[in-house]
Amino acid sequence: MLIVLAGVLEGEDLARVRARLDEAVWKDGKATAGPAARAVKNNLQAGGLADLGAFVMEALRRHPLFEIAARPRRASPVMFSKYEPGMAYGPHTDDAVMGGAEGRLRADLSYTLFLADPESYAGGALAIESAAGEQAIKLAAGDCVLYPSGTIHHVAPVTAGARLAAVGWIQSVVRDAAKREILFDLSMTRARLASAPREDLLRLDKSISNLLRLWAEV
Ligand code: NI
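If you're wondering where the values come from, they're calculated on a predicted model, not measured in any experiment.

Overview of helix H6 (residues 198-215)
Stage number 1. Taking 1.5 Å per residue as the helical rise, H6 with its 18 residues ought to reach 26 Å, and the 26 Å between its terminal C-alpha atoms agrees with that figure.
Stage number 2. Buried within H6 are the following residues: Leu-201, Leu-204, Ile-208 and Trp-215. Down the axis of H6, the smallest arc covering the buried residues is 70°, so these residues share one side. Exposed side of H6, more than 90 degrees from the buried face: Arg-198, Glu-199, Leu-202, Arg-203, Arg-213 and Leu-214 are the residues found there.
Stage number 3. On its buried face, H6 is in contact with helix H5 (177-192).

Here it is in structure tokens:
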């Protein structure tokens, strides 16, 4: 399941991130790719922006859907990427386990937070394979898509302008994407039934909690 988190960064927050990236030093993105992905990765990444990454992560965590969509346990450092004309990231799947001994995590969910206005660059959609075919995603600046890390996905070639994004990985308390989806649907339904009889809500809350108790690894 793909979940779009709209408006993770807006207004001054978005401007602040873009201003910092304007001054960033960009390096070849192959340096941070796993062995299989290296062959198909052709982009730029900004280094030394840990504080900006933390700022973006805080914005993600504040988004009302992030917690129920991801059920995060650990998060990778946020990476900033740029694709200029001719750059692309060919079909690949993200590493299952990433990070050094200190910050090791299992990548259950990947995210791409779009930072450039879609009209400002051509190409550059994130394309994610599923049984129903390929889904191409190109969102407004400040919007973020969460998707399962185990999918085959690619970034289409950029043909004009520059595609800027923040990307990263989440280890979820709930490893299985199908189970996360059940919990997400129930939690969304719960939110919409706020005025239902209290006893019914209590049963629903109990069911959501107990499913999480069955499935959570903490
Ligand atoms: Ni990827």
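Anyway, onward from the coordinates.
A few points about the packing of H5 against H6
Stage number 1. Close contact between H5 and H6 brings their axes to 11 Å; oriented N to C, the two are set at 160°. The angle between the axes of H5 and H6 places the two elements in the roughly antiparallel class. Note on packing geometry: the crossing formed by H5 with H6 is left-handed. Seen from H5, the contacting residues are Lys-179, Ile-182, Leu-183, Leu-186, Ser-187 and Arg-190; seen from H6, they are Leu-201, Leu-204, Asp-205, Ile-208, Leu-211, Leu-212 and Trp-215.
Stage number 2. Residue composition of the contact of H5 with H6, grouped by class: nine nonpolar, one polar and three charged.

Overview of the coordination of the nickel ion
Stage number 1. The nickel ion binds to the protein through His-92 (NE2), Asp-94 (OD) and His-153 (NE2); the donor distances cover 2.1 to 2.2 Å.
Stage number 2. Look at where the donors of the nickel ion fall in the sequence and you get H-x1-D-x58-H.

Structural notes on the sheet that holds strand S13 (residues 133-137)
Stage number 1. On the basis of which strands lie adjacent, the open sheet formed by five strands has the order S3-S7-S15-S12-S13 and antiparallel pairing. Two strands in the sheet have a free side with no partner beyond their single neighbour: strand S3 (41-42) and S13.
Stage number 2. Sheet topology places strand S12 (residues 126-130) next to S13; five bridges connect them, and they run antiparallel. Counted as the bridge partner of Ser-130 is Gly-133 from S13.

Some thoughts on the layout of surface pockets
Stage number 1. One number sums up the size of the largest pocket: a volume of about 550 Å³.
Stage number 2. Contributing to the lining of the largest pocket are 32 residues, with Thr-32, Lys-41, Met-79, Met-98 and Trp-169 lying nearest its centre.
Stage number 3. Secondary structure elements with two or more residues in the lining of the largest pocket: strand S6 (79-83), strand S7 (88-92), strand S10 (109-114), strand S15 (153-155) and strand S17 (163-172).
Stage number 4. Among the elements that take part in the lining of the largest pocket, S17 stands out by supplying four residues, more than any other.
Stage number 5. Looking at the lining of the largest pocket, its residues break down into 14 nonpolar, 14 polar and four charged.

Thoughts on the pairing of S7
Stage number 1. Most of S7 is tucked away, with four of its five residues classed as buried.
Stage number 2. In this structure, S3 lies alongside S7, joined through two bridges in antiparallel fashion. Within the sheet, the bridge partner assigned to Lys-41 lies in S7 and is Tyr-89.
Stage number 3. Inspection of the sheet shows S7 paired to S15 by two bridges, in the antiparallel sense. Looking at S15, one finds that His-92 is bridged to His-153.

Looking at the side chain of Ser-81
Stage number 1. Here Ser-81 is to be found in strand S6.
Stage number 2. If near-sequence neighbours (up to four positions away) are discounted, Ser-81 is found in contact with Trp-26, Asn-43, Leu-44, Gln-45, Arg-163, Leu-164, Ala-165 and Val-167.

Comments concerning the packing of aromatic side chains
Stage number 1. All told, the structure shown has zero aromatic pairs when counted by the stated rule.
Stage number 2. It is Lys-138 that lies over the ring of Tyr-121; its NZ or CZ is 4.1 Å from the centre.

Conventions adopted
Residues numbered from 1 in each chain as written. Predicted model: local features only at pLDDT ≥ 70, side-chain atom pairs only at ≥ 80, totals over all residues. Heavy atoms only, no water. Helix = DSSP H or I, 4+ residues; strand = E, 2+ residues; numbered from the N terminus. Expected span 1.5 Å × (residues − 1). Buried < 20%, exposed > 50% of the residue type's maximum accessible area, 1.4 Å probe, protein only. Arc of directions from axis to C-beta. Contact = heavy atoms within 4.5 Å. Axes fitted to C-alpha atoms, helices over the stretch in contact; angles between N-to-C directions. Parallel < 35°, antiparallel > 145°, perpendicular 65-115°, else oblique. Left-handed = near helix turned anticlockwise from the far one by under 90°. Nonpolar A, V, L, I, M, F, W, Y, C, P; charged D, E, K, R; others polar. Donors = N, O, S within 2.8 Å, 3.2 Å for Na, K, Ca; no water. Pairing = 2+ DSSP bridges. 1 Å grid on protein atoms, 1.4 Å probe; cavity = no way out; pocket = protein on both sides within 12 Å on 5 of 7 lines; lining within 4 Å. Points joined across faces, edges and corners; volume = space filled by probe spheres on them. Phe/Tyr/Trp six-rings, centres within 6.5 Å; stacked < 30°, edge-to-face > 60°. Lys NZ or Arg CZ within 6 Å of the ring centre and 35° of its normal.

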